[in-house]
Amino acid sequence: MFDTLEPSSLPPEDEALRSRVRALAAAATAARPADVRARSWQGFDADFSRKLGAAGLLGLTLPKAYGGGERGPFARFVVVEELLSAGAPVAAHWIADRQSAPLILNYGTEAQRQFYLPRICRGELFFCIGMSEPGSGSDLASVRTRAERTAGGWRVNGQKIWTTGAMHCDYMIALLRTSGSAEDRHAGLSQLIIDLKAPGITIRPIVDLTGDAHFCEIFFEDVDLPADALIGAEGEGWKQVTAELAFERSGPERIYSSVVLLDAWARHLQHIGRDDPAVRALVGDFTARLATLRAMSIACTARLAAGESPVVEASLVKDLGTAFEQHLPVAIGDDLAAHPDEPVSDELYRTLTYVTHVAPSFSLRGGTREILRGIIARGMGLR
Ligand SMILES: Cc1cc2nc3c(=O)[nH]c(=O)nc-3n(C[C@H](O)[C@H](O)[C@H](O)COP(=O)(O)OP(=O)(O)OC[C@H]3O[C@@H](n4cnc5c(N)ncnc54)[C@H](O)[C@@H]3O)c2cc1C
């Protein structure tokens, strides 16, 4: 089954982007301690995103006609890998760059492309994803929030939840029921672009286990949207969302969530001068797993670059990747606990605490472990 995941390497012209991204990321993170850098996914820094845009590092896969870089997925791989390795704040542009822009390019009208895409490429417009609802997470087809046709457009009523970054974002791309009932499952779902400043929208941040508030619940009460809020075809929302999730699951995003902690721990070992066979074996284990996952992620990127949609392979990388990301804080915590006389800096301790607390979310966000394993099993012909 997975003989389609052939080893590949990053083309030299895309590798060449690395030093430019690294310099920008280093400048943005120089004054941030490791526990702040470990919040890379949650770090909302509009200025930094605009700097990336000005450097031509956003919208890399979009056509030049819309302000993009007209490069392939490998170029984006290099940029994402560098930003996450440094713990740079990616939250502002993250979702628009990865998901909303390709969605608008593929399904949007020409007017929508011309309006949104250049602004996304400049780091001026920020998007969130309105898929989950109370009772509709894994079972996304059961979405209940409705958009009814009105004389001038659409009227939305209902609720979304776990919407990352909604309190800072300009727009949500929402999966809504435009016809039929929740029992109709895949039929009758559509995607609409919602201006989050529209009257009738209430956004409430939710505090997570770490004490941060980065996702929200959102209430829609008679929210009126113009006719051109619809993106793609009415009733095709399910198909569009499935394609969108393939972008979300296939990148280096699913490998590097704990890497700032790994780095901080490695620096600690150097500082303390601990270099015994056990710690060498542990460092070797982490390195081998990270290198293998990276190779698999690059192989997935090669399939995307070839114009394919490696849904099953991307699910495999996400499942193995998040298992690795969750293993790191446990193994590093165990290692430090096994050396109780060793002084641990406050910064390393805070970083370990943060990553330990946030790690359970790694195998939830973007599709839960059980759902991904179901996709993998189906892809292997096991169910
Ligand atoms: C940090 C974070 C950020 C998020 N950001 C967003 C966002 O921006 N936008 C958005 O729309 N959503 C977002 N989500 C929501 C996320 O996509 C959902 O949490 C996820 O899809 C799971 O849905 P649920 O929480 O309703 O859990 P449920 O679907 O109720 O699942 C609960 C448990 O049951 C298991 N389960 C469910 N169905 C099956 C099945 N058929 N077979 C086996 N096991 C099953 C699940 O795997 C899970 O372990 C975010 C979540 C997190 C943690």
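Residues numbered from 1 in each chain as written. Predicted model: local features only at pLDDT ≥ 70, side-chain atom pairs only at ≥ 80, totals over all residues. Heavy atoms only, no water.

What follows concerns the domain arrangement of the chain. Segmenting the chain into domains produces domain 1 (12–125), domain 2 (129–235) and domain 3 (248–380). On the side of domain 3, 6 residues touch domain 2, which itself brings 5 residues to the contact. Note on domain 2 versus domain 3: buried area summed over both sides is about 420 Å², and carbon and sulfur give 68% of it. There are 0 salt bridges connecting domain 2 and domain 3. (Domains from an automatic or database assignment. Contact = heavy atoms within 4.5 Å. Buried area = accessible area lost by both parts, 1.4 Å probe. Salt bridge = Lys/Arg side-chain N within 4 Å of Asp/Glu carboxyl O.)

With that out of the way, let us pick up the pattern of salt bridges. As enumerated under the stated definition, the model contains 31 salt bridges in all. In this structure, E253 and R98 form a salt bridge, with 3.4 Å as the shortest nitrogen-oxygen distance. On the criterion of sequence distance, the pair formed by E253 in the loop between α8 (237–249) and α9 (259–272) and R98 in helix α6 (residues 91–107) is long-range, its members being 155 residues apart. Like E253, the residue R98 is buried in the burial classification. Between R204 and E217 there is a salt bridge, with its nearest N and O atoms 3.6 Å apart. Linking R204 in strand β6 (residues 201–207) with E217 in strand β7 (residues 213–226), this pair joins segments that are 13 residues apart in sequence. (Helix = DSSP H or I, 4+ residues; strand = E, 2+ residues; numbered from the N terminus. Buried < 20%, exposed > 50% of the residue type's maximum accessible area, 1.4 Å probe, protein only.)

A few words now on the site of the ligand. Neighbouring the ligand are 16 residues; S132, S138, W162, T368 and E370 lie closest to it. G137 has a polar backbone atom sitting 3.5 Å from an oxygen atom of the ligand. The contact in question runs from an oxygen atom of the ligand to an N or O atom on the side chain of T368, over 2.5 Å. In the complex, the protein chains occlude 63% of the 980 Å² of accessible area that the ligand would expose alone. Put simply, the parts of the chain that give the shell around the ligand at least two residues each are β3 (153–164), β7 and α13 (369–379). Sort the elements by how many residues they give to the shell around the ligand and β3 lands first, with 3 residues. Residues that form the shell around the ligand fall into these classes: 6 nonpolar, 8 polar and 2 charged. A domain split of the shell around the ligand shows at least three residues from each of domain 2 (129–235) and domain 3 (248–380). (Near = heavy atom within 4 Å. Polar contact = N/O pair within 3.5 Å; in protein donor to acceptor, adjacent residues only side chain to side chain. Areas by Shrake-Rupley, 256 points an atom, 1.4 Å probe, with all protein chains shown as cover. Nonpolar A, V, L, I, M, F, W, Y, C, P; charged D, E, K, R; others polar.)

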